[in-house]
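Here is what each chain is made of, one letter per residue.
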Amino acid sequence: MEVKMEMAEKKELSVIACRVRMGAIEGIFHAKSGHPGGSLSIADTLTYLYFKEMNVDPKDPKMEDRDRFVLSKGHCAPALYAVLAEKGFFPTEELKKLRKVGAMLQGHPDMKGTPGVDMSTGSLGQGISAAVGMALSAKMFGKNYRVFAALGDGELQEGQVWEAAMLAGHYNLDNLIAVVDNNGLQIDGKCTDICSPEPITDKFAAFGWHVITIDGHDFDDIERAFNEARQVTNKPTAIIQKSVKGKYVSFMENNVAWHGAAPNAEQYEIAVNDLKAKLAELEA
Amino acid sequence: MAEIINKATRDSYGETLVALGEEYDNLVVLDADLAKATKTEMFMKKFPERFIDCGIAESNMMGVAAGIASTGKIVFASSFAMFAAGRAFEIVRNSIGYPHLNVKIGATHAGISVGEDGATHQCCEDIALMRTIPGMVIINPADDVEAKAAVRAAAKHVGPVYMRFGRLAVPVFNDEASYKFEIGKGIQIKDGNDVTIIATGLMVNEAIEASKVLKEQGINARIINIHTIKPIDKEIIIKAAKETGVLVTVEEHNIIGGLGSAVCDVVTESVPVPVVKIGVEDQYGMSGPALELLKVFGLSAENIVEKTKYALTLKK
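Residues numbered from 1 in each chain as written. Chains lettered and ligands numbered in written order. Predicted model: local features only at pLDDT ≥ 70, side-chain atom pairs only at ≥ 80, totals over all residues. Heavy atoms only, no water.

Chemist: Sorry, what's going on with the side chain of Arg21 of chain A here?
Modeler: All names here are of chain A. Secondary-structure assignment places Arg21 in helix α1 (residues 7-31). When its relative accessible area of 1% is taken as the criterion, Arg21 is described as buried. Contacts of Arg21, omitting those with residues within four sequence positions, involve Leu40, Ala43, Asp44, His217, Lys247, Tyr248 and Leu275. (Helix = DSSP H or I, 4+ residues; strand = E, 2+ residues; numbered from the N terminus. Buried < 20%, exposed > 50% of the residue type's maximum accessible area, 1.4 Å probe, protein only. Contact = heavy atoms within 4.5 Å.)

Chemist: Please clarify how the pairing of strand β13 (residues 247-254) of chain B should be interpreted in this entry.
Modeler: On any regular strand, side chains alternate: one points to one face of the sheet, the next to the other face. All names here are of chain B. Of all eight residues in β13, eight are buried, a share of seventy percent or more. The pairing of strand β10 (residues 195-199) with β13 spans four bridges and is classified as parallel. Pairing of Ile198 across the sheet is with Thr249, part of β13. Pairing analysis gives five bridges linking β13 to strand β14 (residues 275-280), with the strands arranged parallel. The residue of β14 that forms the bridge with Asn254 is Val280. (Pairing = 2+ DSSP bridges.)

Chemist: Where do I start with the domain arrangement of chain B in this structure?
Modeler: It is common to report an interface's size as the accessible area lost on association of the parts. Residue and element names in this part refer to chain B. Each domain of chain B was delimited in the assignment, giving domain 1 (6-171) and domain 2 (187-309). Taken together, the contact between domain 1 and domain 2 spans 31 residues of the former and 33 residues of the latter. Carbon and sulfur atoms make up 57% of the surface buried where domain 1 meets domain 2, a total of about 2400 Å² over both sides. Close ionic contact of Arg131 with Asp265 constitutes a salt bridge, the shortest N to O distance being 2.7 Å. Counting across the interface, domain 1 meets domain 2 through 21 residue pairs in polar contact (both at pLDDT 80 or more). If you list the elements that add at least two residues to the side of domain 1 that touches domain 2, you get α7 (126-131), β6 (137-139) and β8 (170-171). The element that contributes the greatest number of residues to the side of domain 1 that touches domain 2 is α7, accounting for four residues. Of the residues assigned to the side of domain 1 that touches domain 2, the class counts are 17 nonpolar, seven polar and seven charged. (Domains from an automatic or database assignment. Buried area = accessible area lost by both parts, 1.4 Å probe. Salt bridge = Lys/Arg side-chain N within 4 Å of Asp/Glu carboxyl O. Polar contact = N/O pair within 3.5 Å; in protein donor to acceptor, adjacent residues only side chain to side chain. Nonpolar A, V, L, I, M, F, W, Y, C, P; charged D, E, K, R; others polar.)

Chemist: Is there a simple way to explain the sheet that holds strand β6 (residues 210-215) of chain A in this structure?
Modeler: In a beta sheet, neighbouring strands pair by backbone hydrogen bonds and run either parallel or antiparallel. Residues and elements named next belong to chain A. Spatially, the five strands line up as an open sheet ordered β1-β2-β3-β7-β6, and their pairing is parallel. Of all strands in the sheet, those bounded by a partner on one side alone are β1 (68-71) and β6. Going across the sheet, the axis of each strand differs from the next one's by a mean of 20°, ignoring polarity. Sheet topology note: the β1/strand β2 (residues 147-152) ladder contains four bridges and is parallel. Considered in β2, the bridge of Arg68 is made with Val147. Running over the sheet, helix α8 (residues 219-231) touches β2, β3 (176-182), β6 and β7 (237-242) and is turned about 170° from β6. (Axes fitted to C-alpha atoms, helices over the stretch in contact; angles between N-to-C directions.)

Chemist: I tried to follow the interface of chain B and chain A on my own but got confused; where do I start?
Modeler: Facing the 28 residues of chain B at the interface are 26 residues of chain A. Both sides together, the interface formed by chain B and chain A hides about 2000 Å², and carbon and sulfur atoms give 61% of it. On the chain B side of the interface with chain A, the three residues burying the most area are Ile52, Asn60 and Tyr98 of chain B, jointly 25% of the side's total. The interface formed by chain B and chain A contains zero salt bridges. Where chain B meets chain A, there are six residue pairs in polar contact (both at pLDDT 80 or more).

Chemist: Teacher, can you tell me more about the pairing of β3 of chain A here?
Modeler: All names here are of chain A. Most of β3 sits out of view: seven of its seven residues are buried. Alternating positions in β3 separate into two faces, Leu176, Ala178, Val180 and Asn182 on one and Ile177, Val179 and Asp181 on the other, with burial throughout. Here β2 runs beside β3; their pairing, made up of six bridges, is parallel. Paired with Ala149 across the bridge in β3 is Ala178. Pairing analysis gives six bridges linking β3 to β7, with the strands arranged parallel. Of the residues in β7, the one forming a bridge with Val180 is Ile240.

Pasting the structure below:
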């Protein structure tokens, strides 16, 4: 269990995650709107899911027994789109058309229009219910696929999250893994100042979930969590990842102002340079 | 004379689900702790492995329904109309409607005829709410025969459907052997050229009763049953407007946003004839026996007769 990921593999994932961050920022910059902060905080986990954990095929996005992913924090779509493009679900050129009239990539995920998107989300609290439905369907019909969902910590303020958590616990959905992106910030400020979702771990445990706490930017930690989740039986797993909103873009890190704002040309250049430097550091 | 049988459309719903469970092995039924009342309990007993009680959490139930449907299943999700369309509106809109998932909402206990439970449970807004969701089919069956046919049609239809059922046992007036149901097709029950009464749900039978009284008074009313409120049968409405020159709509729903509004939407753009709307007049319900309440709120053959005579005075 404690065997660390091969160095080369970890480096490769880090490089992909860096490109994912660039893709997300590029999309938001061209769209002149969007949500960079939470896209950057979930980028590593999304990269791990699509490149290491999930059974998906970009050539057959609707493959019946594929693993499913639901971005319950749907506003972080730019990161999901960038991962899907990296994985080959659609050309990376689409990222530049994000949020534009007639574009395939909508402001929030649209399962009807975008290959690889398993559920339309964006209205907070709803994605996790759909993920519970997918996991229940697998149990009812004897399928082995697993269902992953990502939630924001602010999103936990939506009561529907706990309705879903209660049902998932009740039905012992060990094929469901929810990641909570605990970056501590929401639009109006710090989650703990607005309406604290803490203690998040205790809450999920109380609803009958297996809970793992990790650093959401450490691939060893991420791998440990998903490996552990594979071993869990009779319980859904919640991975509470401590993360940094705006991770790896200097002026966005831990700055609530970047929850839902696009960088201007000057800021975009700084962001790209930050990420290029990170990439160079990884590839050195 | 054949004896008239009374039966609640929620019973027709429950029975048909059981039949469909045999025919479709990918059919799943959800409820939110009202399985005894919505009658999904019948399905639960027969197919417990394909039934999930989501507990008292309608919003989550609709999201779960969407998730299951996304895996290629036909999902029937049930609760009272108030909670299915009211509480869960936004989930129905965003998680079911927007991705056009194959979820059928079986909403029972619609309207004033819920009776004694009173205003909090008497949903007269559901049709208005559901009509605003693009791609949503809305069916409001009038009796047992129609309800059974509607549930079957909903299972066949690909995409979201909202079905509205009642708690109250109502007369079964359709003939099972000759009855034909098609989503989006109104049914002309009786011909007439003086005025057209367009009714839906349990008000169809009241409209038929009213037409008998009107006939005695020399008024020949055409009766149309609109079971599918969306997509509405424009053709049958426009034809009636042209041929009879005045319309009366009757529904157990708020006069804002329901059948009456839908009919007005059709005629104002094509044959602008007077339309007199009978329904709950933008009020909350109250407790009382269902049959008494229907009279109190003007949802009776007597009121239809009166309003129809008034409508005739508007005819040009």
